[in-house]
Amino acid sequence: MEKDCLFCKISHGQMGTDFIYENDNLVVFRDINPHAPVHLLIVPKRHIRSVNDLSEADSGILAEMILTARQMAIREKVDASGYKLLFNVEKGGGQVIFHLHLHLIGGWDK
Ligand code: 5GP
Ligand code: ZN
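Residues numbered from 1 in each chain as written. Chains lettered and ligands numbered in written order. Predicted model: local features only at pLDDT ≥ 70, side-chain atom pairs only at ≥ 80, totals over all residues. Heavy atoms only, no water.

Draft legend 1. Structural context of unusual backbone geometry. Backbone geometry places Asp-4, a non-glycine residue, at a positive phi of 70°. Looking at Asp-4, the relative accessible area reads 61%, which means it is exposed. The residue Lys-77 is not glycine, and still its phi comes out positive at about 60°. Here Lys-77 shows up in the loop between α2 (59-75) and β4 (83-86). Taking relative accessible area as the criterion, Lys-77 reaches 62% and is therefore assigned exposed. (Buried < 20%, exposed > 50% of the residue type's maximum accessible area, 1.4 Å probe, protein only. Helix = DSSP H or I, 4+ residues; strand = E, 2+ residues; numbered from the N terminus.)

Draft legend 2. Up close: the site of ligand 1. Inspection of the region around ligand 1 gives 16 residues, with Asp-31, Gly-94, Val-96, His-101 and His-103 positioned closest. In the environment of ligand 1, an oxygen atom lies 2.9 Å from a nitrogen or oxygen atom belonging to the side chain of Asn-88. Within the contact set of ligand 1, an oxygen atom lies 2.8 Å away from a backbone nitrogen or oxygen of Gly-94. Protein coverage of the free-state accessible area of ligand 1, which is 530 Å², stands at 83%. Put simply, ligand 1 lies in the largest pocket. Looking at the shell around ligand 1, the elements with two or more residues in it are α1 (6-11) and β2 (26-30). Its residues placed into classes, the shell around ligand 1 shows eight nonpolar, six polar and two charged. (Near = heavy atom within 4 Å. Polar contact = N/O pair within 3.5 Å; in protein donor to acceptor, adjacent residues only side chain to side chain. Areas by Shrake-Rupley, 256 points an atom, 1.4 Å probe, with all protein chains shown as cover. 1 Å grid on protein atoms, 1.4 Å probe; cavity = no way out; pocket = protein on both sides within 12 Å on 5 of 7 lines; lining within 4 Å. Sits in = over half its atoms within 2 Å of the grid points. Nonpolar A, V, L, I, M, F, W, Y, C, P; charged D, E, K, R; others polar.)

Draft legend 3. Examining the coordination of the zinc ion (ligand 2) more closely. Protein coordination at the zinc ion (ligand 2): the donors are Cys-5 (SG), Cys-8 (SG), His-47 (ND1) and His-99 (ND1), at 2.0 to 2.3 Å from the metal. If you look at the zinc ion (ligand 2), its four donor atoms make angles of 104 to 114° with each other, and the shape they trace is tetrahedral. (Donors = N, O, S within 2.8 Å, 3.2 Å for Na, K, Ca; no water. Tetrahedral: all angles 85-135°; square planar, octahedral: opposite > 155°, others 65-115°.)

Next up, the structure:
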């Protein structure tokens, strides 16, 4: 866990955030400032700063994040209508929380 990292604290249950899904490796919760009717964040519990910091050894958690997003899309009933999966990477890419997370955004036209 990284001191002063909000998503480390959230993913370790220290902020009282409601999780839509949790397993040993990651958590899923709703974005506090949603950009669409469905806006979820898929967040690994292990601190990784951004996509720029990923290595071969992280391929397992990356695959798990995407496959979990797919399951969440089904659960939120946006799988058929469609959705976006988005990584913002570093400041110029719009990243403001420097702990890896995957946005699942959809539900405009359910
Ligand atoms: P980024 O721009 O870093 O890719 O996205 C960070 C996201 O985290 C933003 O969409 C923002 O609304 C969300 N966020 C920031 N702080 C919190 C929080 O305390 N709780 C929740 N649920 N979402 C947060
Ligand atoms: Zn962190």
